[in-house]
Each structure stands twice: as C-alpha cells, then as structure tokens.
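Here is how the chains run, residue by residue.
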Amino acid sequence: MNKIENNKAWFLVLPVFILVAFSAIIPLMTVVNYSVQDIFDPSTRYFVGTEWFVQVMHDAELQAALLRQFVFSLTILSIEIPLGIGVALLMPTKGKAASLGLILVAIPLLIPWNVVGTIWQIYGRADIGLFGAALNAIGIEYNYASNPTHAWLTVVLMDVWHWTPLVALLCYSGLRAIPEMYYQAARIDKASRWAVFRYIQLPKLTNVLIIGVLLRFMDSFMIYTEPFVLTGGGPGNTTTFLSQSLVKQAIGQFDLGPAAAFSLVYFLIILLVCWLFYTIIMNMQNDKRG
Amino acid sequence: MAQITLKALAHTYSANPVQGSDYAIREMNHVWEQGGAYALLGPSGCGKSTMLNIISGLLNPSNGEILFDNKRVNELKPEERNIAQVFQFPVIYDTMTVYDNLAFPLRNIKVPEHKIRSKVNEVAEILELTDQLKKKAKGLSADEKQKVSMGRGLVRDDVSAILFDEPLTVIDPQLKWKLRRKLKQIHEQFNITMVYVTHDQLEASTFADKIAVMYDGQIVQFGTPRELFEEPAHTFVGYFIGSPGMNYMDARFSDGKLFFGEHELPVSASFLNQLTQADNGRLQVGIRPEFVQIWNKQQDGTIEVRVDYCEDLGTYKILTFTLAGQTMKARLSEDQKVPSDKAYVSFPKQWTKVYRDDFLVGDAQ
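For every chain, the first residue of the written sequence is number 1, and numbering continues from 1 along that sequence. Chains and ligands are labelled by the order in which they are written, letters from A for the one and numbers from 1 for the other. pLDDT decides what is reported in this predicted model: residues at 70 or higher carry local features, side-chain atom pairs at 80 or more are listed and counted, and totals for whole chains, interfaces and linings draw on all residues regardless. Remark: hydrogens and water are excluded; side-chain values derive from all non-hydrogen atoms of the structure.

1. A few points about the pairing of strand S10 (residues 218–223) of chain B
Residues and elements named next belong to chain B.
- As judged from the five bridges shared by strand S9 (residues 210–215) and S10, these two strands associate in the antiparallel manner. Within S10, the residue paired with Met214 across the bridge is Ile219.
- Strand pairing is assigned whenever DSSP identifies at least 2 bridges connecting the two strands. Helix and strand definitions here come from DSSP, where helices need a minimum of 4 consecutive H or I residues and strands a minimum of 2 consecutive E residues; each element is numbered from the N-terminal end. Here S9 folds back onto S10 in antiparallel fashion, the turn holding two residues, of which Asp216 has a positive phi close to 55°.

In structure tokens, the structure reads:
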C-alpha cells in the first residue's frame, strides 16, 4: 500500500483538539493527577498508585452513600418515568387548554434548585409547613427532620414534583410527533385504548424515553442542592447522597487525594450505568415481539 | 360486503358556511355498488380524502347520510363500520413482526388463534409476504410495508369495503404497476368493494372499472375510462383526463350555428337543438387532440392555422398550433408528415362537444 504520508490536513483538526483538551481532558487529568499522589504542598508530593482508590472503595460511609444513591435514583426513575408518560397522555392537545397545560407543567422546572429545596423545607415542616402541619392535623404523624423514613419520602416527593414535568414534556412532544394516520389506522383495526398505547404510542416514545431516563438518571445520581437545603443529609446520614459525601471530603476535610479518586469512580459509575440503560432500551426496541 | 350510498351528502370545515366554496364536498348523491372497483380521481384539494374519511367514519359529514346496504351508518364509529382503509403512507406497528401486524385486527376482535393463523397465512400468500412473516415490520421496504397495511384490511372477513387513499405515493415507480396488478387480483378474488383515491389518471384507469372524477367538491362525472375520454361531462374532465387535455374554444351562438371567431364550428344537430338564442351562459366547444385532423392542403371544411411547434414523443407527436389567437394541440401518429408554418385542420363532428357553463350540453345538469 502506498499511503500518502504528507497529511497536512491533520492540522485542521488541531483547533478542535485544543478545545476539547482544555474543556475536558486537561481538567479530568488534573483529577487523575490528584488521585494517584499524596500532596502535602506543591514541592512535597508522593506517588501512591492505587492506594486512594483502595481506600475509598473500602470506606463504609461512602459505600452506604453509594447504596443510598442507587436506591434513590431507581426509586425516582420508577416513579417519574411512568408518571411522566401518564401526565403527557392526559395533557390537553388543542387550543388554549394546551398552552395552559404546558405552562402549568413547566413551572417546577423554572424554579432554581435551592429554591426548590427551600420551598419543600418550609412546606414540609411539621410545625408551620402547609404539607407537614396538615398531615399532623389529620392525625398522621410526620416529621422529616427527625424521622429517616419521612426524610426519604420528602426528598423523593420533592424530586418527583421537581422533575416529573421534564419527563412529561419530553413525552408530550414525542406524542405530538405521531402522525394522525396511526390513530386512524388503529381505530379501523379496532384496537383498544391499551393496544394503541402499547403498539403505537409507547414504541414511538422510545427515543424520547431514552433521553428522559438518561437525563433523570444522571441528574438524580448527582443530586446535591435540594437534599442539602432540605435535610442537610440528615437525620444522621440517612439522606446523605454521593455528592454530599464528596463535597464533605474534598472541601470539608480537604482530603484531595481520596476525593479525586472517588470523583473518578463516581464518573465511571455514571458512564457505566448510562451505557447499560441505553443498551437495554435499544435491545428492548429491537427484540420486542408483539 | 356492502353497497355504499351517499345521500344528499355535503361537508364543510367552516363553522358557518355561506356559499358553495365553503364546502369541501358540495351536496351530492352517489352510489358505490357492492363489489365494484372504483377510482376517485381529482386534483389535490378537491375533496377526495374528505369523502374517503367520511365513508370510513373518521370524519362526520355536516349534512346528509351515508348508507351501507341501505342502513344509515352516520352514527357508527370507524371501528363499528367494518371498513378497511389504506393510507398514503404505510401505517405499520413498528415493534411487531409482519405476522403480528396481520394478526392484529383479528386479535382485537378476539378471533381464536388457530383461525388467525390460517387467515394470516392465506393473506400473506396472496400478498407474497410469506417469507417475511417472521421479520420485524419495521425493517421492510416501503412497498412491503404498504402490502402489510393492505393485508390488515384483507384478513378480516367482515370488511364491507377497502378504501385506498393514494396508496402508491411512496412506492418506487417500477413496483407501482406490480402492486396495482396485485390490487386488481385481490379485487377479483375477494369480490370486495374498493374505492381508490388518486390524482393519477393512469393509476385510476388501470385499477378501476368506473372512475368518479371529482372537482371542486363535487363528482363531475362517473363513468368508465372510455366514457371519460370520449364523452367528458365537464370541461375539467376533458382537461384532466388524457394527455394532453382537451382543446376548448369559446364559442358564440348565432343564427342556429356556433362560431369561434369568424369560423363556423361543425357541431352535431343534437347539440344545436338544445341551444337557445337567449340564455346560453358561457359556451365552449371542446375536441380532443387525438381527434383533431391535420391536413397539408386546403380541403373542404378545413380551417387554416399557424403551426407553432411539434414535439416528438417517440410513438406519437404533439403538434401545437394557433387558431384565431388560441393555442391548441393535436396528436399525430409517428409517421404522419408534420406541416411547417401553415396547416389546415378539421374537427370531426362526432368528436366535437359543446359545453355550457363547463357542463356538457344535453347532460342532466
């Protein structure tokens, strides 16, 4: 083979390469750099290999936070995805009602995250909060500040309230994109409402659902602000999620080595799970049989 | 199996229609007989699809009745009317196999699985889909998908009619004729009423026994392809059917004769008898390019015209000429000599038609 060696065209790729290097690779490499060294000050540093990784993987507190994180993400996914599809199916499609519906559904998405935390912090309070006080008034004992179950419920409820609208809006747009002909054909084929959902709407929603599941998984797996404002991770450590542990380690205790190692593990977990979700959904789409 | 009757049917999309043009379908009476293969031919926006959707029940007409075998079905929903409809773009259920797609309408009405199997296999056989049954419908080509949509109409025994809404639009030209032939074959085999909407005259005349030409919300003629060609009942039919369309000349009636400019036009007596001096409206005389006779020399009863140009289309030629300021066309056979500059034309009486306000004189309208 006589390949032309004078590939000057590669220089054209250089700007992109530099851009990506500065925006992603170099910052990530900084973290890698920290994760394999023990640094006392810029002139005193020791290469420690995988020691930090071993340490964080064996840290019981982090393991507990990781488990909590998974439980949390799976819980909110299993609520928000079906609920979002349901809301999208019920949203009005024509006229003024459609615009009004869209605005109402979109409102939670427009609120800054720590405001959401504050809203629920006050809303859920057992003494003065509308929600908390009302529950107590009708005889249901509720106090998210002292009861771990209640704290969990409140955090999940808050996330569902905050983010179901995103799933609903994605699905709404997906539903609008289905040509009227499909519904007409289904009527002529005497399809039931369920069959229309199962064989027309759901398959056509697959693409937006992939986006919905991935976005909601990533965001919920990285959740920080809202639970931090709402419960501060408590009571005890019961609502302390991974980001919070990481911040505590990196900024609170200034353990940069373990924090960097932990960050990398965190990043890899998100990447891995997203890949898994994506593969599973794509396979479901391809292998599904009527 | 059913005869479909449209009684005083009209439809408008506007809330308070005032005039005729507010109607997508103007009041009409029409009968599609049981077992016929019909085409509904017309330009885009003439109300063809509206009419189809009214028959299938996807649309409720603003006026009039639809009868299936003399029973009123206005109030029945599409799923209760037992109609199959094939749309312009193939509608298939993506996640299902071809088999499941074909079985879908039967499963919806809870037919036992062994009956489904024999019926689906039978229909797949006819549509030449047997090899594809286990495949995902999603991966099929456009024409195969369209066959699957058609098949869903054929599996049901209770279907009274199949409606086609320009079903071959997305099909490759070389496959079109094949599918069309398949349709014809199915029609013969199932003895089922078929209404085929199209704007393609070739498609209409190869598929249908009778063609309804629709124009501006009404059926202006309903007849065999030959009738549409030889006796267009409306100027639109003359213009729309045939290639090129019919020649029309604005005519003047005086002293019991028809004139175009200063030329007298030869018209059969039966037409002339029906024209009255007083209120004739707009009169036009039409003749098909195929029937215009071209001569090189002056003959008895010929008119001298200016030759503009001649297109050679391989098996025939189209001659364009000007008569009294009006451009007209004539179709010549391949070996006929083309006069240059000047030619003499004559219009055979039997093929010269007279139209009053666009409708053929002597017709019911």
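2. Re unusual backbone geometry
- At the junction of Ser243 of chain B and Pro244 of chain B, the peptide bond is cis and its omega measures out at -5° in the coordinates.
- Looking at where Pro244 of chain B falls in the secondary structure, it is placed in the loop between helix H9 (235–240) and strand S11 (247–250).
- Notably, Lys190 of chain A is not glycine yet its phi reads approximately 60°, a positive angle.
- Position of Lys190 of chain A relative to the elements: it lies in the loop between helix H8 (180–188) and helix H9 (193–221).
- Unusually for a residue other than glycine, Asp357 of chain B sits at a positive phi of about 45°.

3. Examining H9 of chain A
- Counted at 1.5 Å a residue, the expected span for H9 of chain A with its 29 residues is 42 Å, but the 35 Å between its end C-alpha atoms falls short.
- Given a residue, its bend is the angle between the two axes fitted to the seven residues that end at it and to the seven that start from it. Of all the bends in H9 of chain A, the greatest measures close to 55° and is centred on Thr206 of chain A. By this rule, a helix spans an expected 1.5 Å times one less than how many residues it contains.

4. Section: the interface of chain B and chain A
- Listed by partner, the interface residues are 31 residues for chain B and 22 residues for chain A.
- Accessible area, probed at 1.4 Å, shrinks when two parts are joined; the buried area is that loss added up over both. Buried surface at the junction of chain B and chain A, both sides included, amounts to about 2,300 Å², of which 58% is carbon and sulfur.
- When the buried surface of chain B facing chain A is broken down by residue, Glu79, Tyr93 and Thr95 of chain B rank first, second and third, together holding 24% of it.
- Any carboxyl oxygen of Asp or Glu that lies within 4 Å of a side-chain nitrogen of Lys or Arg is treated as forming a salt bridge with it. Linking chain B with chain A are four salt bridges, by the criterion used here.
- Under this definition, polar contacts are N or O atom pairs within 3.5 Å; protein pairs additionally need one hydrogen-donor-capable and one acceptor-capable atom, and for neighbouring residues in sequence, both atoms have to be side-chain atoms. Put simply, chain B and chain A have eight residue pairs in polar contact (both at pLDDT 80 or more) between them.
- Element by element, the count of residues in the side of chain B that touches chain A is highest for helix H3 (residues 98–108) of chain B, at four residues.
- Three classes are used, and their members are as follows: Ala, Val, Leu, Ile, Met, Phe, Trp, Tyr, Cys and Pro are nonpolar, Asp, Glu, Lys and Arg are charged, and the others, Gly among them, are polar. Here the residues of the side of chain B that touches chain A sort into 14 nonpolar, seven polar and 10 charged. Here a residue-residue contact requires only that any non-hydrogen atoms of the pair lie within 4.5 Å.

5. Observations concerning the packing of aromatic side chains
All names here are of chain B.
- For Phe, Tyr and Trp, where Trp contributes only its six-membered ring, two rings pair if their centres lie within 6.5 Å, and the inter-plane angle classes them as stacked under 30 degrees, edge-to-face over 60, or tilted in between. Taken as a whole and judged by the stated rule, the model has 30 aromatic pairs over all chains.
- Here Tyr215 and Phe236 contribute two aromatic rings whose centre-to-centre distance is 4.2 Å and whose plane-to-plane angle is 15°, an arrangement assigned as stacked. In this pair, Tyr215 is assigned in strand S9 and Phe236 in helix H9, connecting sequence segments 21 residues apart.
- Put simply, a charge is over a ring when the Lys NZ or the Arg CZ is close to the ring centre, within 6 Å, and near the line of the ring normal, within 35 degrees. When the ring centre of Tyr316 is taken as origin, the NZ or CZ atom of Arg331, which lies over that ring, is 3.7 Å away.

6. Re the environment of Thr50 of chain B
Residues and elements named next belong to chain B.
- Its place among the elements puts Thr50 in helix H1 (residues 48–56).
- Looking at Thr50, the relative accessible area reads 8%, which means it is buried.
- Leaving out residues up to four positions away in the same chain, Thr50 has contacts with His11, Tyr13, Ala24, Ile25 and Leu59. When accessible area is computed with a 1.4 Å probe and restricted to protein chains, residues below 20% of their type maximum are described as buried, those above 50% as exposed, and intermediate ones as partly exposed.

Just distances and angles here, no functional claims.
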